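Chains, contacts and geometry: an overview
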Amino acid sequence: MKLDGDKLNNMEVKFWDAYISYFYSFKNFYIQNKNDQKVIQEITTSLQLLENEDSILISASPGDLVAAKYENDGLWYRAKILNIEENNFTVKFIDYGNSELSSNIKILPSKIACYHAMAYHCMLDDVDHEEYIISIENDIYDIIFNFLGSIEVIVTFLNNEETYLVNMKWDNRCIKTFVNNIISYGITPKTYETLKEIDQSGAKMIVNLIYTQSINEFYVETENSKEIQNKIEHILENEINWEPLTEYKIGKMAIAKSLTDNRWYRVRILMVHDGGECTCYLIDYGVQDKCSEFFEAVGYLKLAPPFIKLCSLHIPTIKKKKKLFESLSKSFIDEMEQYKHKKMTIIIVETGEPCVVELYVDDFNVAKLIEPIPVIVFNVIHMNVLTVQVNSPGRRTVMNELSTIKTLNPVEKPKYCNIYGALVNNQWYRAELKNKFKGSMDVILVDMGSSIVNVKKLFQLPKHIQSVKYLTLRCSLGLDERYFCLYKLKLLCNSETEFMMIVFKNNNVDGHLIHLFFNDEDVTTIIKKH
């Protein structure tokens with residue numbers, strides 16, 4: 001695909017196989033389209049023929065396109081002049097993105113100048129934390145610089161003008177995952193490839209939950225965990241001939257003593273400090289700690305898998321938007337708290353660390369339990385006292401069929417707990433008998449948030465409509481009324497407005513704590529007082 005230097009062609013192609021041609025930071029890097037590689041090679045080959053040609057520029061100005069020699073490798077590349085000081089030129093190599101000093105420039109042949117710039121200026125989405133870390137940790141920066149410069153990535157464009165806002169994937173995972181693996185767990189790309197060999201994709205195992213940090217970080221014990229743990233701890237407690245660690249670098253696996261409890265652990269180094277201390281990730285316990293007295297991990301200590309497994313939940317149907325993801329993590333943590341004493345089953349979807357897994361409790365897929373649920377909101381008494389009706393496919397079918405019914409046969413003696421038809425304001429609803437009075441009765445409109453109305457008659461429903469289940473929940477948004485407007489919430493809620501709901505704390509007594517989204521927007525932002 002041909003592009004100009006400033007704008008993607010109407011976003012006709014939103015996904016590229018690409019290479020990172022130069023990396024300054026997550027908010028300042030350049031990519032090349034994989035499809036442009038042949039042209040880039042042809043340009044580079046042609047430019048080397050200039051070495052023996054007398055085509056030195058007599059005059060040049062900032063903004064001119066030229067051929068410039070890159071001093072690091074002695075080769076010629078296309079470049080734009082940025083600045084001139086005496087006989088030195090600051091140039092930007094337009095097919096790679098890096099800017100350098102060059103004292104050798106020549107006229108760029110027109111047949112080569114006509115190609116568009118092959119390097120595209122990009123920034124990653126949502127990487128403020130990662131950007132800060134690499135700005136203060138040179139070793140992490142070097143690992144990421146070398147890693148990104150050696151791989152092919154899939155780039156998704158989020159806008160169509162430079163600087164392009166993008167997401168990137170490698171090995172079917174978001175680049176941000178690998179960066180956080182390095183920062184939080186010391187899992188360098190080399191370590192990642194080694195860890196992928198421990199498990200098999202599709203493997204199924206029974207596990208116990210240890211603790212849950214988020215959807216992307218929870219820990220389980222496998223049935224073999226105790227045996228592995230006993231063997232590791234026996235070696236750590238009894239081995240006396242340790243080989244001192246000679247290389248201290250991020251991601252290095254070692255044996256070290258915790259400064260917290262003076263016990264020996266298998267660790268990966270995260271940060272190196274003065275005085276022989278390092279911040280480490282304790283491989284078998286999933287926590288960070290400062291350690292000292294480092295030795296080489298050899299034999300079983302090097303090869304044995306962690307006796308607790310770091311996992312990430314497989315949720316393919318849910319886009320991990322930041323606000324939505326935070327709510328889903330809260331929901332997941334609460335859900336896991338309820339099941340922490342139960343046996344669980346994991347199926348490995350993607351190997352590596354974290355392992356991406358499907359997680360089952362009592363044969364229920366946990367991702368399905370926590371995914372956003374379509375609901376209608378009724379009876380808004382307070383932003384922390386409201387009723388939601390699950391807007392299931394069954395409910396929608398029932399409401400559609402009721403809207404087409406003209407007449408129903410009356411029931412002479414309706415019974416409690418049965419579902420009937422009720423005519424309210426010339427509209428049919430499903431209703432359950434609540435109280436009988438002389439000449440009338442109170443009924444619960446089961447598909448309308450269990451609202452209670454008074455009617456004189458009930459009617460026989462078709463059996464397939466009568467048997468459709470319904471679910472109504474008492475809920476709370478957990479908001480401080482000083483900062484949010486109840487009137488705005490009531491305006492938003494009606495019997496036709498569908499929200500997506502995430503339950504992030506189950507509470508059958510006082511009402512489930514929920515988060516609502518309307519057209520992908522957090523409802524709290526809509527009802528906030530200005």
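Higher on the page you've got the structure.
Each chain has its residues counted from 1, running along the sequence as written. Reporting of local features is limited, given that this is a predicted model, to residues whose pLDDT is at least 70; pairs of side-chain atoms are given and counted only at 80 or more, and all residues count toward the totals for whole chains, interfaces and linings. Hydrogen atoms and water are omitted, and side-chain values are computed over all heavy atoms in the structure.

**Here we look at the state of the cysteines**
Worth spelling out the cut-off: Note on terminology: disulfide denotes any pair of cysteine sulfur atoms within 2.5 Å.
According to the stated counting rule, one finds 0 disulfides in the structure shown. Free cysteine: C493, not disulfide-bonded; nearest cysteine sulfur from C475 at 11 Å.

**Details of the sheet that holds strand β24 (residues 419-424)**
Short version of the rule: Here the rule is simple: two strands pair whenever DSSP picks up at least two bridges between them. Elements are defined by DSSP. Helices are runs of H or I of four residues or more, strands are runs of E of two residues or more, and each kind is numbered from the N terminus. Here the axes come from fitting lines to C-alpha atoms, over the contacting stretch only for helices, and the angles between their N-to-C directions go from 0 to 180 degrees.
The strand order across the open sheet formed by 4 strands is β24-β25-β26-β27, and the pairing between neighbours is antiparallel. Each end of this open sheet is capped by a strand with a single partner; those strands are β24 and β27 (451-455). This sheet shows a mean twist of 50 degrees between the axes of neighbouring strands, independent of strand direction. One ladder, built from 5 bridges, connects strand β26 (residues 440-445) with β27; its direction is antiparallel. For L445, the partnering residue across the bridge sits in β27 and is S451.

**A few points about the sheet that holds strand β15 (residues 264-272)**
Test applied: In what follows, a contact means two residues having at least one pair of non-hydrogen atoms within 4.5 Å.
The 4 strands lie next to each other as β14-β15-β16-β17, forming a closed barrel whose pairing is antiparallel. On average, each strand axis in the sheet is tilted by 70 degrees relative to the strand beside it, whichever way the strands run. Bridging between strand β14 (residues 253-258) and strand β17 (residues 287-296) involves 4 bridges; their strand directions are antiparallel. The residue bridging I255 from the neighbouring strand is F295, located in β17. Its contacts with the sheet put helix α5 (residues 175-185) on β15, β16 (278-282) and β17, and the angle it makes with β15 is roughly 115 degrees.

**Some points on the side chain of N98**
Applicable threshold: Only protein chains enter the accessibility calculation, which uses a 1.4 Å probe; a residue is then buried when its area is under 20% of its type maximum, exposed when over 50%, and partly exposed in between. What qualifies as a polar contact is a pair of N or O atoms within 3.5 Å, subject to a donor-acceptor requirement within protein and to the restriction that residues adjacent in sequence count only when both atoms come from side chains.
Residue placement: N98 occurs in the loop between β5 (88-93) and β6 (99-102). Judged by its relative accessible area of 5%, N98 falls in the buried class. Side-chain polar atoms of N98 contact the side chain of E100, separated by 3.2 Å. When residues no more than four places from it in sequence are discounted, the contact partners of N98 are Y22, Y24, Y70, V91, K92 and F93.

**A word on the environment of V509**
The topology assignment puts V509 in the loop between β29 (498-505) and β30 (512-518). Take V509: its relative accessible area is 64%, and that puts it in the exposed class.

**Side note on the packing of helix α3 (residues 128-136) against α5**
Rules: Each angle receives one of four descriptions, namely roughly parallel if under 35 degrees, roughly antiparallel if over 145, roughly perpendicular if within 65 to 115, and oblique otherwise. Each crossing gets its hand from how the near helix is turned against the far one by less than a right angle, where anticlockwise is left-handed and clockwise is right-handed.
Contact pair α3 / α5: the axes reach a minimum separation of 11 Å and the direction vectors enclose 45 degrees. The pairing of α3 with α5 is recorded here as oblique in orientation. As for how α3 packs across α5, the hand of that crossing is left-handed. From α3, H129, E130 and I133 reach across to α5, where they touch K176, V179, N180 and I183.

**What about the packing of aromatic side chains?**
What counts here: Note on aromatic contacts: the rings of Phe and Tyr and the six-membered ring of Trp form a pair at centre separations within 6.5 Å, being stacked when their planes are under 30 degrees apart, edge-to-face when over 60 apart, and tilted otherwise.
Tallying each qualifying case throughout the model produces 30 aromatic pairs. Aromatic pair Y248 and F294: ring centres 5.4 Å apart, planes at 75 degrees, arrangement edge-to-face. Of this pair, Y248 sits in the loop between α7 (225-238) and β14 while F294 sits in strand β17, placing them 46 residues apart in sequence. Accessibility expressed as a relative area gives 36% for Y248, which makes it partly exposed. Where W428 meets F459, the ring centres are 5.0 Å apart and the plane angle is 85 degrees; that geometry is what we call edge-to-face. In this pair, W428 is assigned in strand β25 (residues 427-437) and F459 in the loop between β27 and α12 (463-466), connecting sequence segments 31 residues apart. Of the two residues examined, W428 and F459, each falls in the buried class. Connected via pairs of aromatic rings, a cluster forms that spans Y22, F23, Y24, F26, F29, Y141 and F145.

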